[in-house]
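Chain residues, written in single-letter form:
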Amino acid sequence: QLPTRDKCRPLLAEPHHAFVSHLSDSPRPPSGARASVSSPRVAVELHAIGGFCAVAREPQPPPEAQGVTRLTTAVAVGNGLNPSFDETFHCLAAEPHQTILRVVVEDEGRLVAYETAVLGSLRCGYRCLHLR
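Source: prediction; values computed, not measured.

A. Summary view of the environment of Gln98. Secondary-structure assignment places Gln98 in the loop between strand 4 (90–93) and strand 5 (99–107). Sequence separation between Gln98 and Leu119 is 21 residues; the distance between their C-alpha atoms is 7.6 Å. If near-sequence neighbours (up to four positions away) are discounted, Gln98 is found in contact with His47, Ala48, Ile49 and Gly50.

B. Molecular detail of the pattern of salt bridges. Tallied over the entire structure, the rule returns 7 salt bridges. Among the ionic pairs, Glu106 bridges to Arg70, the shortest N-O distance being 2.7 Å. One end of the pair, Glu106, is in strand 5; the other, Arg70, is in strand 3 (residues 70–72), with 36 residues separating them in the sequence. With a shortest N-O distance of 3.5 Å, Arg110 and Asp107 are connected by a salt bridge. Accessibility expressed as a relative area gives 8% for Asp107, which makes it buried. It is possible to trace a salt-bridge network through shared partners that takes in Arg41, Glu45, Arg70, Arg102 and Glu106.

C. Quick look at the nonpolar core. Counting 12 residues, the largest nonpolar core is built from Val42, Val44, Leu46, Cys53, Val55, Leu71, Phe89, Leu101, Val103, Val105, Ala113 and Leu119. Mapped onto this core, the elements with two or more residues apiece are strand 1 (40–48), strand 2 (53–56) and strand 5. With sequence-adjacent residues up to four places away left out, Leu46 is seen in contact with Cys53, Ala54, Val55, Thr69, Cys91, Leu92, Thr99, Ile100, Leu101 and Leu119.

What counts as what
Residues numbered from 1 in each chain as written. Predicted model: local features only at pLDDT ≥ 70, side-chain atom pairs only at ≥ 80, totals over all residues. Heavy atoms only, no water. Helix = DSSP H or I, 4+ residues; strand = E, 2+ residues; numbered from the N terminus. Contact = heavy atoms within 4.5 Å. Salt bridge = Lys/Arg side-chain N within 4 Å of Asp/Glu carboxyl O. Buried < 20%, exposed > 50% of the residue type's maximum accessible area, 1.4 Å probe, protein only. Core = buried A, V, L, I, M, F, W, Y, C linked by side-chain atoms within 4.5 Å.

In structure tokens:
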């Protein structure tokens, strides 16, 4: 029988293996501890080697949004295993064959996965990028 979540686990007088205290924080989990659930978001970045580039949410960005090279989605709170973002980004570049597209998945500011591609090598429409 396994102990319940908040029940103190017994310490055996004669352990079957050597007890290493610094590897085992405590015999019971902290009270009120919540399992870590990821809340990812996606960032789309453009890096121009030459020329102008911008990322926008509309095909024709307003003048104040021109020159923006990074946009992020909303955070998928508590849905790290199967997030759905349902957002559209438009990548604009004067020289698409000299512009790098970088797609980043972040969780609480930490880099989780990324992929880069030359913008001019991608075809229009939906694309699948294998993240590292």
